[in-house]
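Here is how the chains run, residue by residue.
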Amino acid sequence: MKSIQVKRSVSILEVQKQLKANAQLGRVGGFLVVVDDEEKVIGIISDSDIRRNMTEILEGIVIIAEQVMNIDFISISDDLNVAQIPEVIFDRLSTRKIENRIPINYIPVLDKEDRLKSIVHISDLIPVLEHAGRQILIFGQGFVGLTLAMAMVNSGIPIVALERDEDLRREIDSLKPKVFEPHLRDILSQNLHGMYKLFGSKLSHLERPTLFSKRIHIVAVGTPLNKDGKETSVDLNSVFEAMFEIAPTLKFGDLIILRSTVPPGTTRTVARLIFEKFNLRAGFDYHLAYAPERTVEGNAIAEVSRLPQLLGGFTNECTRQAANLFSEFVTSVVICENLEAAELGKLVTNAYRDVRFAFSNEVAQLSSHLEVDVIRLIEDVNLGYARNAIPLPSPGVGGPCLTKDSFMLGINDKEGSVILSARFLNQDMVKFTADKIIDISREFTGKILIVGVAFKGVPATNDLRQSTPIEICRELIEAGLSISAVDAVATSHEILEQGIPIVKELSGDYNVICILNNNPENVKIFRDILDNWAKLRHDDDARLALFDPWGMIATSDISNKKVDRFTLSSKIV
Ligand SMILES: NC(=O)c1ccc[n+]([C@@H]2O[C@H](COP(=O)([O-])OP(=O)(O)OC[C@H]3O[C@@H](n4cnc5c(N)ncnc54)[C@H](O)[C@@H]3O)[C@@H](O)[C@H]2O)c1
């Protein structure tokens, strides 16, 4: 430490010599602390202090260290813990005189008697400063925002969540979020009001933890299709509203990460609008990046950390800033070519799945025409033939993502688009499936029981948004059939909210049972119903039709029962 200390009374020429010697020996460069006779640190001298006094030095005027030293310097005490260091530094930064606000390179570490213990370079403190001084805000606590927040707090990252829907805030606050997600309630109850804080959407009501702390805004608001009859255009209002809420509060170094699914070009449009309205330049006044969510409902909290995170930044520094954040809680980050590539990457991921499923669904339609069992066909052609991995068909492809994301690709007028044709084919499966059930019910007249109405079954979810089973139920009701529904995850209340009658008690008076999502728990429900049906129906000629698009019910499940089984394509014989 001696080499970077000078006594208060030494001449400036001595100070200069010491600075030069340190530089030549590769020690702390351009920086000395000034000590009094008891070796207490009373000031610092940097190259710039020497430069300021160069005229006097050249004129031969004798100046000593204490005349040029800066006494308004920032130091930290050697008994501070890591969490306290940023507070002290930010506090001192904000109370220093304006003329002393020069860039800081070194910070002396002092003991209780103000003696020099060590010295740290500001770059060594950056990770500490970035973490403790920052505030991470997530806009929107729907499925994506909430599961992301839970994954982050579970990794030890504090989150301030903003949700403008009061009912949703109340549900989360009372630990009863509707989202069905393993471990969500546990993580929420451990972190609510601690690592996880929830507010309304008004940013102006929220303070930064410290004057200098950096904010990271993650925007995970909804981007539904417009409900104006033009079902193929996207409503981006929530994205722009959130951005305009953020923009007036932005400070240098803040970061915005857009996470909602959007048409390519949207993030760059955000940058343009913020510049036009607020005169703030992305990549300069603030950082901007796009990082889509690709998790699956029902296993999202685990997947957030496990899945490779696609990422595109407005500039390389924007990308770096966003990548730094994700590297704290995800295992890998994939840096895309640019913003548009990351936006397109999300849409292509979902469009690819939609096309694959459409392929199988078209095979189901072909098989139906030829009265071939499509499940057996697909199993036969996949068996031992690694180049095939054809998925099983399904009664449509639903949910909040696959039903809309293809329409964001800007191909809505493109004739012959494989992706659009696939989307329409998957939409048609609702009618195709409803017609199958209607056909079956002509032979098996009576009540119809629907088992499984969430939009998908694996991993399980209670999400009924754009659920094809719900749409099929509506078609059946419209056709005048008597149906009631039950689901292993979605509650009776949630099903009733969709206008679908629920099963009140298990009875034997069903003649058709349809399994409309592949949640294995629905198989258990089916078994109970079937046992009940067998007990309650003593009439010898009673027969039951089972509509089982995934072939989930094994022959052993229904042996000795008078049950006929149907897939999407045919009766199983
Ligand atoms: N659900 C999924 O599985 C999934 C998966 C990947 C990506 N995505 C995409 O992620 C985005 C969000 O999806 P979601 O299912 O969570 O949507 P959602 O509509 O369920 O939730 C969005 C929430 O944002 C809130 N909100 C809107 N504007 C706000 C604002 N200015 N401040 C605070 N809160 C605001 C809304 O009240 C709503 O609760 C969409 O773009 C979606 O396409 C969804």
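All values derive from a computational prediction rather than experimental measurement. (Residues numbered from 1 in each chain as written. Predicted model: local features only at pLDDT ≥ 70, side-chain atom pairs only at ≥ 80, totals over all residues.)

## Things to note about the packing of helix H7 (residues 143-154) against helix H9 (residues 184-191)
Right, so step 1: It is at 10 Å that the axes of H7 and H9 come closest, and there the two elements cross at 60°. The pairing of H7 with H9 is recorded here as oblique in orientation. In the crossing of H7 with H9, the sense of the turn from one axis to the other is left-handed. Facing Met-150, Val-153 and Asn-154 of H7, the residues of H9 in contact are Leu-184, Ile-187, Leu-188 and Asn-191.
Right, so step 2: Of the residues assigned to the contact of H7 with H9, the class counts are five nonpolar, two polar and no charged. (Axes fitted to C-alpha atoms, helices over the stretch in contact; angles between N-to-C directions. Helix = DSSP H or I, 4+ residues; strand = E, 2+ residues; numbered from the N terminus. Parallel < 35°, antiparallel > 145°, perpendicular 65-115°, else oblique. Left-handed = near helix turned anticlockwise from the far one by under 90°. Contact = placed C-beta atoms within 7 Å. Nonpolar A, V, L, I, M, F, W, Y, C, P; charged D, E, K, R; others polar.)

## Some words on the domain arrangement of the protein
It is common to report an interface's size as the accessible area lost on association of the parts.
Right, so step 1: Under the domain assignment, the protein is made up of domain 1 (2-120), domain 2 (133-336) and domain 3 (341-573).
Right, so step 2: Spacing between the C-alpha centres of domain 1 and domain 3 amounts to 74 Å. (Domains from an automatic or database assignment.)

## Quick word on the site of the ligand
Right, so step 1: Near the ligand you find 27 residues, and of these Gly-140, Gly-142, Ser-201, Gly-222 and Ser-260 are the closest.
Right, so step 2: Secondary structure elements with two or more residues in the shell around the ligand: H7 and helix H10 (237-246).
Right, so step 3: If you tally residues by element for the shell around the ligand, the top one is H10, at four residues.
Right, so step 4: A breakdown of the residues in the shell around the ligand according to their chemical character gives 10 nonpolar, 10 polar and seven charged. (Near = placed C-beta within 6 Å.)

## Brief notes about H7
Right, so step 1: Here H7 spans 16 Å end to end across 12 residues, near enough to the 16 Å set by a 1.5 Å rise per residue.
Right, so step 2: Within H7, 12 of the 12 residues are buried, which leaves it mostly tucked inside the rest of the structure.
Right, so step 3: For H7, every residue scored as buried is listed here: Phe-143, Val-144, Gly-145, Leu-146, Thr-147, Leu-148, Ala-149, Met-150, Ala-151, Met-152, Val-153 and Asn-154.
Right, so step 4: Just beyond H7, the residue with positive phi is Gly-156, at close to 85°. (Expected span 1.5 Å × (residues − 1). Buried ≥ 20, exposed ≤ 12 C-beta atoms within 10 Å, placed from the backbone.)

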